[in-house]
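# Secondary and tertiary structure notes
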Amino acid sequence: MSLWEKRDDMLVHERDPYNAEPPRAALAGRRTTPPDTFYSRNHGPVPDLDPAAWRLTVDGLVERPLELSLADLRERFGEHEVTATLQCAGNRRAGLAEIRAIPGEDLWGPGATSTARWTGVRLADVLAEAGLRSGAAHIAFTAPDVSLLAHPPQPFGGSITAEKAVRPEVLLAWAMDGRPLPRVHGAPLRVVVPGWIGARSVKWLTRVTARADPSDNYFQATAYRLLPPEADPAEAGPGGITLGPIVVNCDILRPDDGARVPSGPTEVTGYALAGGGRTVARVDVSVDGGGSWTQASLDGGDSPWAWRHWHATLDLPAGEAEITARAWDSAGAVQPESPAHLWNPKGYANTSWARIRLTCA
Ligand SMILES: Nc1nc2c(c(=O)[nH]1)N[C@H]1C(S)=C(S)[C@@H](COP(=O)(O)O)O[C@H]1N2
Ligand SMILES: [Mo]
């Protein structure tokens, strides 16, 4: 039996806690990622919550603290849908680990990125009912899954700015692709924070707290920070940058890395994701290590919060080939060439050029 109703060919980094990504080809060409293919990232045991007994507490710097059942959420707030890509900050960590080892972290490929149509209520509407008090600058999320990876062990949590929290794309979601959230993806309710690192889309949500400061949860205050190369990853030392909005990134999905393909015209496809509130402006593909570039065609674009698939036809000579790709966003930012300049002790945010190696016969 496959774990957590996932397809059999998932690349399982860890069984417990369950951490797995789909193979590249399974993401290719699909606007949304079926739930059995969607990557899953967990820091502790997957909770089994009784939806009837479950309640969401809204507290902290609010005028009216709330305690809401699922029925309350459905009845008292309007239902909304957003097609959004989630991407783990550890996506493509394997490329950073080639530069220098990253002990204790899973070596994710490009598959810690998946897209779904999420249904739920706007966090903004729930916060409006509670009434944010002045000074409420951050909205913190807490879940019941206790992670032994945290020091000290504690439930998973994190926060986003109040400015982001009241934007219409941020949902408290109970459904994924029109079906109730699978347990491993956060049933009965999760936050979906489009454009921000996956860690802020807290699953099995039980508490929303308005605060003056960011969450002091381990996964906000210590982990998920871009540390200086020489820093100790166990410490929230100086110079660490808290990760929030995603930075423009892309990868190649087809052909697979290491594949043997016929020489001649070859279709190359992949995804690109802009993050923040930005959009993907262009994707370039090269067969000569960036000496010259071919512009890829972008597909989709109907949801500003979803990835763009792209494709280009390249003429591959016989022999070994390396294909690289880079995306530009609407702010003019482009992916850097080398992971060497991006290396950080926790291995986050590898946005360097995508690269695959092929043998062309
Ligand atoms: N409660 C809880 N929420 C969580 C996590 C977790 O371990 N516990 N992992 C986070 C991380 S790091 C990511 S990338 C996304 C992954 O969501 P998924 O498993 O639905 O793909 O969930 C986030 N929400
Ligand atoms: Mo993540």
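Right above here is the structure, for reference.
Conventions used here
- Residues numbered from 1 in each chain as written.
- Chains lettered and ligands numbered in written order.
- Predicted model: local features only at pLDDT ≥ 70, side-chain atom pairs only at ≥ 80, totals over all residues.
- Heavy atoms only, no water.
- Helix = DSSP H or I, 4+ residues; strand = E, 2+ residues; numbered from the N terminus.
- Rg over C-alpha atoms; globule rule 2.2 N^0.38 Å.
- Buried < 20%, exposed > 50% of the residue type's maximum accessible area, 1.4 Å probe, protein only.
- Contact = heavy atoms within 4.5 Å.
- Pairing = 2+ DSSP bridges.
- Salt bridge = Lys/Arg side-chain N within 4 Å of Asp/Glu carboxyl O.
- Near = heavy atom within 4 Å.
- Polar contact = N/O pair within 3.5 Å; in protein donor to acceptor, adjacent residues only side chain to side chain.
- Areas by Shrake-Rupley, 256 points an atom, 1.4 Å probe, with all protein chains shown as cover.
- 1 Å grid on protein atoms, 1.4 Å probe; cavity = no way out; pocket = protein on both sides within 12 Å on 5 of 7 lines; lining within 4 Å.
- Sits in = over half its atoms within 2 Å of the grid points.
- Nonpolar A, V, L, I, M, F, W, Y, C, P; charged D, E, K, R; others polar.

### Quick look at the overall build of the protein chain
For the protein chain, the count of helices and strands is 6 helices and 23 strands. At 20 Å, the protein chain has a C-alpha radius of gyration in line with the 21 Å of a compact globule built from 361 residues. The C-alpha extent of the protein chain, read off along each of the three principal axes, is 65 × 45 × 45 Å. The buried share of the protein chain, taken over its 361 residues, is 54%. Partitioning the intrachain contacts of the protein chain with sequence separation of at least 6 by distance along the chain shows that 70% fall at a separation of at least 24.

### Describing the sheet that holds strand β18 (residues 280–286)
The strand order β16-β23-β22-β18-β19 describes an open sheet built from 5 strands, whose pairing is mixed. Of all the strands in the sheet, the pair left with one neighbour each is β16 (260–261) and β19 (294–295).

### Points about the pattern of salt bridges
Following the criterion strictly, the structure yields 17 salt bridges and no others. Between K346 and E105 there is a salt bridge, with the nearest N and O atoms lying 2.8 Å from each other. Here the residue K346 occupies a position in the loop between β22 (319–329) and β23 (354–360), and E105 occupies one in the loop between α3 (93–97) and β6 (113–122), the gap between them amounting to 241 residues. There is no split in this pair, since K346 and E105 are both buried. A salt bridge links R167 to E169; its shortest N-O distance comes to 2.7 Å. Taken together, the shared-partner salt bridges in this structure form one network comprising R24, R92, D251 and D256.

### With respect to the site of ligand 1
Taken together, 19 residues are adjacent to ligand 1, and Y39, D145, H185, R190 and K203 come closest. A distance of 3.0 Å separates a nitrogen atom of ligand 1 from a polar atom in the backbone of S201. Within the side chain of K203, one N or O atom sits 2.5 Å away from an oxygen atom of ligand 1. A total of 530 Å² of accessible area belongs to ligand 1 in isolation, and the protein chains cover 100% of it. Here ligand 1 occupies the largest cavity. Within the shell around ligand 1, the residues separate by chemical class into 9 nonpolar, 6 polar and 4 charged.

### As for unusual backbone geometry
Of note, the amide linkage connecting H151 to P152 takes the cis form, showing an omega dihedral of -10°. Considering the arrangement of structural elements, one finds P152 in the loop between β7 (138–147) and β8 (154–161). In this structure, the amide linkage connecting A187 to the following residue, P188, adopts the cis form with an omega of 5°. Checked against the element boundaries, P188 lands in the loop between β10 (179–180) and β11 (190–192). Its identity as a non-glycine residue notwithstanding, W204 has a phi of 50°, on the positive side. Note that W204 resides in the loop between β11 and β12 (207–211). A positive phi is found at Y224, a non-glycine position, where the angle reads about 55°. Inspection of the secondary structure assignment puts Y224 in the loop between α6 (218–221) and β13 (225–226).

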